[in-house]
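Residue-level structural notes
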Amino acid sequence: MFGRRSNEAGNQRRALPQAGAPAAPAKVGGEVKPVAAQPSQPKAEPVESQRKHSEEYYDVKTTVFNALIDTIDLTQLAKLEAAAAREEIRDIVSEIIQLKNVVMSIAEQEELLEDICNDVLGYGPLEPLLARDDIADIMVNGATTTFIEVGGKVQKTGVRFADNAQLMNICQRIVSQVGRRVDESSPICDARLPDGSRVNVIAPPLAIDGPALTIRKFKKDRLRLEQLVKFGSISPAGKTLLEIIGRVRCNILVSGGTGSGKTTLLNCLTGSIDTDERIITCEDSAELQLQQPHVVRLETRPPNLEGEGQITMRDLVKNCLRMRPERIIVGEVRGPEAFDLLQAMNTGHDGSMGTLHANSPREAISRMESMIMMGGFALPTKTIREMITGSVDVIVQASRLRDGSRKITHITEVVGMEGEVVTLQNLFVYEITGEDANGKIIGRHRSTGIARPRFWERAQYYGETERVMQALASSEVRDELGNTIGEHHG
Ligand SMILES: Nc1ncnc2c1ncn2[C@@H]1O[C@H](COP(=O)(O)OP(=O)(O)OP(=O)(O)O)[C@@H](O)[C@H]1O
Ligand SMILES: [Mg+2]
């Protein structure tokens, strides 16, 4: 049988080297042994995300695991395909169980096998979380604490790692798949899981209580506008409005806080782009899933270990302009690329879009402004503001409310300048009206009474005025006499 080492059928038990890349053998007791993962910590707290096992189960697991490590050659195993490797482990584990006279039900045996495979081949205790589709984020704060976000709520799980070394090794395993390294000398690292999930690792000494691993789970099917309507994130009329804004080539900024749904919303907006347009996307970590046939996807690159070879977002956006794009989509604007995106928006690439981190449309404007100022462009504030006004048509604001629900709270137009101040006009807002007994926020999406948005001419050009009018009119709030009530301020 493959990878089996001769006469060591698992009788000795000894301290194992820590989990890690199987490619780096460690010397144990004078003999070169492959480095292996340790079984996860026996003491799992009861949690919904991990079944609780008896102490016995964990004892057996440790015994079987150690025997397996003694028996198998992990460097060889690493060369196998996942399915074949699992098969191999299955055979050996069954044999060990027989050899050691372990009494176990078939179901328990299956579970044990799964656990051991996860530890040897995968991401150990993270596997059950990674397998779940309902989780948005996984946040590991050192070996003993892991939080997840499910349905907008952050909750603690009982998932834990043997120790920080095992966690660190799993982090290392994740980032090495994309050719990166994380250790004390380069303790910050972005990476991606094979399934597309976005990963960030920050290790000690920067993270004081052990490695912090954050995973934004990749949704195979990104949410679409219809689903956002179903979740109450936007009303049907608001959806129509967003579709039109996306289609008629308004330049759009999606603004929102961390995890508020910016990327999701941006992805939804790209859904209404016509299929014959050439679209170029620039992202730090490819998350967007465009449906159109003519898309070029670009991704930034961090510097290598020697500090060379970095390609910034600004490099990408600038390069885009030489690629004959019709629309440029920037995953997240965080720095001087703001300038290049505005220029692109201003120079015939209307319909470009990007997200940025801000808590209101007004703040989005000032964030944009400060990004340009900090980029070292020696421009007077007024000029920067004029540039913003001349480029950005619409700001769509996403928010995660205190009850965990995500809402589109503003569809706001950039109207112009009054003196030195950028004027904004809300077309569509979410108004909170109360809270139910369970703390769930009650509210409504409404239009603000503006009949003719500034993008009217564009809408006309695309034959969408009728739909715009209907969407806005149907969302008006009226008093008893039938008069439109304007937007509630304060
Ligand atoms: N309207 C929504 N309703 C429910 N879940 C949503 C909604 N919008 C986004 N989500 C989910 O919330 C999570 C975060 O969404 P997304 O990645 O779009 O946020 P983000 O603002 O781009 O985050 P970041 O700031 O980290 O880039 C995802 O799992 C996504 O599926
Ligand atoms: Mg995002």
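Heads up: the structure comes first, above all this text.
In this report, we go over the structure that sits alongside the text. (Residues numbered from 1 in each chain as written. Chains lettered and ligands numbered in written order. Predicted model: local features only at pLDDT ≥ 70, side-chain atom pairs only at ≥ 80, totals over all residues.)

**A look at the environment of glutamate 476**
Residue placement: glutamate 476 occurs in the segment after helix H15 (465-474). C-alpha separation for the pair glutamate 476 and isoleucine 450, spaced 26 residues apart in sequence, amounts to 9.2 Å. Among all residues touching glutamate 476, those that are not within four sequence positions of it are Arg446, Ser447, Gly449 and Thr484. (Helix = DSSP H or I, 4+ residues; strand = E, 2+ residues; numbered from the N terminus. Contact = placed C-beta atoms within 7 Å.)

**Description of the sheet that holds strand S15 (residues 406-418)**
If you walk across this open sheet you meet the 9 strands as S11-S10-S12-S13-S9-S14-S15-S16-S17, and the pairing is mixed. Each having just a single partner strand, strand S11 (295-299) and strand S17 (441-447) make up the two edges of the open sheet. Recorded for the sheet is a direction-independent mean angle of 25 degrees between the axes of neighbouring strands. Pairing between strand S14 (residues 394-400) and S15: 7 bridges, direction antiparallel. If you follow serine 399 over to S15, its bridge partner there is lysine 407. The sheet contacts of helix H12 (residues 361-374) involve strand S9 (252-256), strand S13 (353-357), S14, S15 and strand S16 (421-435), and relative to S13 the element is tilted by about 95 degrees. Against the sheet, helix H13 (residues 381-391) engages S15 and S16, with an angle of about 120 degrees to S15. (Pairing = 2+ DSSP bridges. Axes fitted to C-alpha atoms, helices over the stretch in contact; angles between N-to-C directions.)

**Remarks on the sheet that holds strand S8 (residues 212-216)**
Spatially, S5-S4-S3-S8-S7-S6 is the arrangement adopted by the 6 strands of the open sheet, whose pairing is antiparallel. This sheet does not close on itself; its edge strands, each paired only once, are strand S5 (153-157) and strand S6 (188-192). Here the strands of the sheet are splayed against their neighbours by 15 degrees on average, with no regard to which way each runs. Of the strand pairs in this sheet, strand S3 (residues 135-141) and strand S4 (residues 146-150) are connected by 5 bridges, and their pairing is antiparallel. The residue of S4 that forms the bridge with isoleucine 135 is valine 150.

**Description of the packing of helix H10 (residues 313-320) against helix H11 (residues 337-346)**
Relative orientation of the contacting elements H10 and H11 amounts to 20 degrees, with a least axis distance of 8 Å. By the criterion of interaxial angle, the relationship of H10 to H11 is roughly parallel. Classified by chirality, the crossing of H11 by H10 is left-handed. The segment H10 lies against H11, with Met313, Arg314, Val317 and Lys318 engaging Glu337, Asp340, Leu341 and Ala344. The residue inventory of the contact of H10 with H11, partitioned by class, reads 4 nonpolar, no polar and 4 charged. (Parallel < 35°, antiparallel > 145°, perpendicular 65-115°, else oblique. Left-handed = near helix turned anticlockwise from the far one by under 90°. Nonpolar A, V, L, I, M, F, W, Y, C, P; charged D, E, K, R; others polar.)

By themselves, these observations are geometric and do not establish any function.
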